[in-house]
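# Close look at the chain arrangement
Residues per chain are reported as follows:
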Amino acid sequence: MPIYEYRCDGCGEVSSVYLRSFGSADPTSCQLCGGDLRRIISRVAYIRSEMDKLEQLDPKYHKMVDQAIANAPANSDPDYHMNRMVPFSQAKEKGEPYFKE
Ligand SMILES: [Zn+2]
């Protein structure tokens, strides 16, 4: 949900406005004095780059994996399913994954 900030040409009041979507119409007049509003670059909301998002997700993701491994039963073998997999070329039928019995 986009957040925009507007500064009033009349009184200089800055207001943050949540818009329902990017296509929503801008609010046009100041709630305090009725002056014209001008959209300004928000000080709080900014578009993060995809790289920033990935860097923010990474530590959490690694932590989740570490926790999943720590919570797994002691006798679980991470390679169990990998070792049972066979190449597509050796599968009996197309579609369903095929595991060695
Ligand atoms: Zn105003």
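Residues numbered from 1 in each chain as written. Predicted model: local features only at pLDDT ≥ 70, side-chain atom pairs only at ≥ 80, totals over all residues.

## Some points on the overall build of the protein chain
The secondary structure content of the protein chain amounts to two helices and three strands. By residue count, 2% of the 101 residues in the protein chain fall in the buried class. A fraction of 37% describes how many contacts in the protein chain between residues 6 or more apart in sequence connect residues 24 or more apart. (Helix = DSSP H or I, 4+ residues; strand = E, 2+ residues; numbered from the N terminus. Buried ≥ 20, exposed ≤ 12 C-beta atoms within 10 Å, placed from the backbone. Contact = placed C-beta atoms within 7 Å.)

## Here's the deal with the environment of Ser 16
Of note, Ser 16 is situated in strand β2 (residues 14-18). Residue Ser 16 is classed as exposed on the basis of its 12 C-beta neighbours within 10 Å. Each C-alpha atom, one on Ser 16 and one on Ile 3, is 6.7 Å from the other, the two residues being 13 residues apart in sequence. The residues contacting Ser 16, other than those within four sequence positions of it, are Ile 3 and Glu 5.

## Quick notes on the sheet that holds strand β3 (residues 37-40)
Think of a sheet as strands paired side by side through backbone hydrogen bonds, with each pair either parallel or antiparallel. Taken in spatial order, the three strands make up an open sheet running β2-β1-β3, and their pairing is antiparallel. What marks the edges here is a single partner per strand, and that holds for β2 and β3. Strand-to-strand twist across the sheet, computed as the mean angle between neighbouring axes with direction ignored, equals 40°. Where strand β1 (residues 3-8) meets β2, five bridges bridge the pair, whose relative direction is antiparallel. Bridging across to β2, Tyr 6 finds its partner in Ser 15. (Pairing = 2+ DSSP bridges. Axes fitted to C-alpha atoms, helices over the stretch in contact; angles between N-to-C directions.)

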